[in-house]
Amino acid sequence: MTLLRSEPFAEVETLEELLAIAYRMEQEAFGNYTDLAERMRREGRPDLVPVFERLAGEEARHIDNVVDWSQRVSGTMPDLAKLQWEPADTFDDEGASAIAPELMGAYRSFSMAVRNEERAFLFWTHVAAQTDQDPLRLAAEQMAREELGHLTTLRVERRRAFHAERAAKAQLEAASLPDLELRFADLLQAAAARQEGASGSGLEAAAREARERAAALADAPFGPSRLVQDGLRPDVLGRAVPLCELLLDCYLDFAERLPGEEDRTRAQRFAGRLVACRSALRDVQR
């Protein structure tokens, strides 16, 4: 199970403080999933908008539960002023707000949500273990049980998404790194044809480099890359930016794990050129 990045470093002293912490954590998750849904809508991934909207909806219901509990206890909303220390950071979007949206999928999105629920569950078990007050321990244990229930639901959704994506991938042709580089070169060449001046010339040069990398890899391959099959989807193969990021991830992975120094250096060089190419593509998009 995913570990907390930092354990709670102070005891929760009152039920009001515990509810304020829960309210803060659920608000953070709700805000992040809402932002991700909006980004997917803005970036042309309508298939993922309902995934993140559903996750945000789950968090909104969690917020309502905490509010109801607080009103039963004190007759008021959770009071963030009751926080005596910052809760451990239990939410991590794992780069979803920064990477090309085509590299996200329902399985990856639900996997991220599962790990966030795991961290929240561990947080509340730590809180329960730290207190010597029975009411607070029971409340923290209740929070942990609720997170465990959320975790069960999300794991079911993740499993469904996994099987759906595996079935979709089975319909795609297998692709090697040289194949992907040649496909990338074609996309860059098409993008260059739509540009004028330095931008077009830069993309043409990047297309030539992609074909050179394809030829070099055909002569001296690095070996199979699990990242190729993980990222192989029509929406990646048909667009230059996500395909660039997939290739970059592959070369960075090779640069870390290849046994030979010469191959690692070559992978680093390829990755460096793709970083520059990604920057050029984003400039053109802007």
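When helices and strands are tallied, the protein chain shows ten helices and zero strands. Put simply, the protein chain has 286 residues, and 45% of those count as buried. Within the protein chain, residue pairs in contact and separated by at least 24 positions form 80% of the contacts whose partners lie at least 6 positions apart. Surface exposure of the protein chain reaches about 14400 Å², of which carbon and sulfur atoms provide 50%.

If you look at the biggest cluster of nonpolar residues, it comprises 36 residues, and the most contacted ones within it are F184, Y251 and L281. Elements supplying a minimum of two residues to this core: helix 5 (177-193), helix 6 (197-219), helix 7 (226-230), helix 8 (234-237), helix 9 (240-257) and helix 10 (261-285). Aside from chain neighbours lying at most four places away, what touches Y251 is L177, E181, R213, L217, F222, A267, F270, A271 and L274. Residues I21, V66, A120 and V127 belong to the second largest nonpolar core, which totals 24 residues.

This part is about the pattern of salt bridges. Here the structure, examined in full by the defined rule, presents twelve salt bridges. A salt bridge links R54 to E157, with the shortest nitrogen-to-oxygen separation between them at 3.2 Å. Linking R54 in helix 2 (residues 49-74) with E157 in helix 4 (residues 134-170), this pair joins segments that are 103 residues apart in sequence. Residue class for R54 comes out partly exposed when judged on its relative accessible area of 39%. Note that R211 is salt-bridged to D186, the shortest N-O span being 3.3 Å. Residue R211 is located in helix 6, and its partner D186 is located in helix 5; the two are separated by 25 residues in the primary sequence. Here R211 falls in the partly exposed class, since its relative accessible area comes to 34%.

Within the fold, S109 resides in helix 3 (residues 106-130). Beyond its immediate sequence surroundings of up to four residues, S109 is in contact with L48, V51, F52, L55 and M104.

Now for the environment of L182. When you line up the elements, L182 lands in helix 5. L182 sits 31 residues away from R213 along the chain, and the two C-alpha atoms are 8.8 Å apart. Not counting residues within four places of it along the chain, the set of residues in contact with L182 comprises R211 and A214.

Taking 1.5 Å per residue, 17 residues should reach 24 Å; helix 5 reaches 24 Å between its end C-alpha atoms and fits that length. Along helix 5, the residues that are buried comprise L177, P178, L180, E181, F184, A185, L188, A191 and A192. For helix 5, the angular spread of buried residues about the axis comes to 150 degrees, placing them on one side.

Closest axis-to-axis distance for the helix 1 (residues 15-42)/helix 2 pair is 8 Å, and the angle between their directions is 160 degrees. Here helix 1 is positioned roughly antiparallel relative to helix 2, judged by the angle of their axes. Here helix 1 runs over helix 2; the crossing is left-handed. Taken together, the residues of the contact of helix 1 with helix 2 sort by class into 20 nonpolar, five polar and five charged.

Looking now at the environment of R41. If you trace the backbone, R41 turns up in helix 1. Owing to a relative accessible area of 41%, R41 belongs among the partly exposed residues under this scheme. Not counting chain neighbours up to four residues away, the residues in contact with R41 comprise V49 and E53. For R41, the side chain forms a polar contact with the side chain of E38, separated by 2.8 Å. At 2.5 Å, the side chain of R41 and the side chain of E53 are in polar contact.

Here we come to the confidence of the model for the protein chain. Residues of the protein chain with pLDDT of at least 70 account for 84%, and the chain-wide mean is 81. Ranking the elements of the protein chain by mean pLDDT puts helix 7 last with 67 and helix 5 first with 90. Per-residue pLDDT stays below 50 along residues 1-9; that stretch engages in 28 contacts with residues further than four places along the chain or on separate chains.

One can describe the packing of helix 5 onto helix 9 by two numbers: an axis separation of 10 Å at closest approach and a directional angle of 145 degrees. Crossing angle aside, the handedness with which helix 5 passes helix 9 is left-handed. For the pair formed by helix 5 and helix 9, the contact residues are L177, L180, E181, R183, F184 and L187 on the first element and A240, L243, C244, L246, L247, C250, Y251 and F254 on the second. The class makeup of the residues in the contact of helix 5 with helix 9 is twelve nonpolar, no polar and two charged.

Definitions and cut-offs
- Residues numbered from 1 in each chain as written.
- Predicted model: local features only at pLDDT ≥ 70, side-chain atom pairs only at ≥ 80, totals over all residues.
- Heavy atoms only, no water.
- Helix = DSSP H or I, 4+ residues; strand = E, 2+ residues; numbered from the N terminus.
- Buried < 20%, exposed > 50% of the residue type's maximum accessible area, 1.4 Å probe, protein only.
- Contact = heavy atoms within 4.5 Å.
- Areas by Shrake-Rupley, 256 points an atom, 1.4 Å probe, with all protein chains shown as cover.
- Core = buried A, V, L, I, M, F, W, Y, C linked by side-chain atoms within 4.5 Å.
- Salt bridge = Lys/Arg side-chain N within 4 Å of Asp/Glu carboxyl O.
- Expected span 1.5 Å × (residues − 1).
- Arc of directions from axis to C-beta.
- Axes fitted to C-alpha atoms, helices over the stretch in contact; angles between N-to-C directions.
- Parallel < 35°, antiparallel > 145°, perpendicular 65-115°, else oblique.
- Left-handed = near helix turned anticlockwise from the far one by under 90°.
- Nonpolar A, V, L, I, M, F, W, Y, C, P; charged D, E, K, R; others polar.
- Polar contact = N/O pair within 3.5 Å; in protein donor to acceptor, adjacent residues only side chain to side chain.
- pLDDT = per-residue confidence, 0-100.

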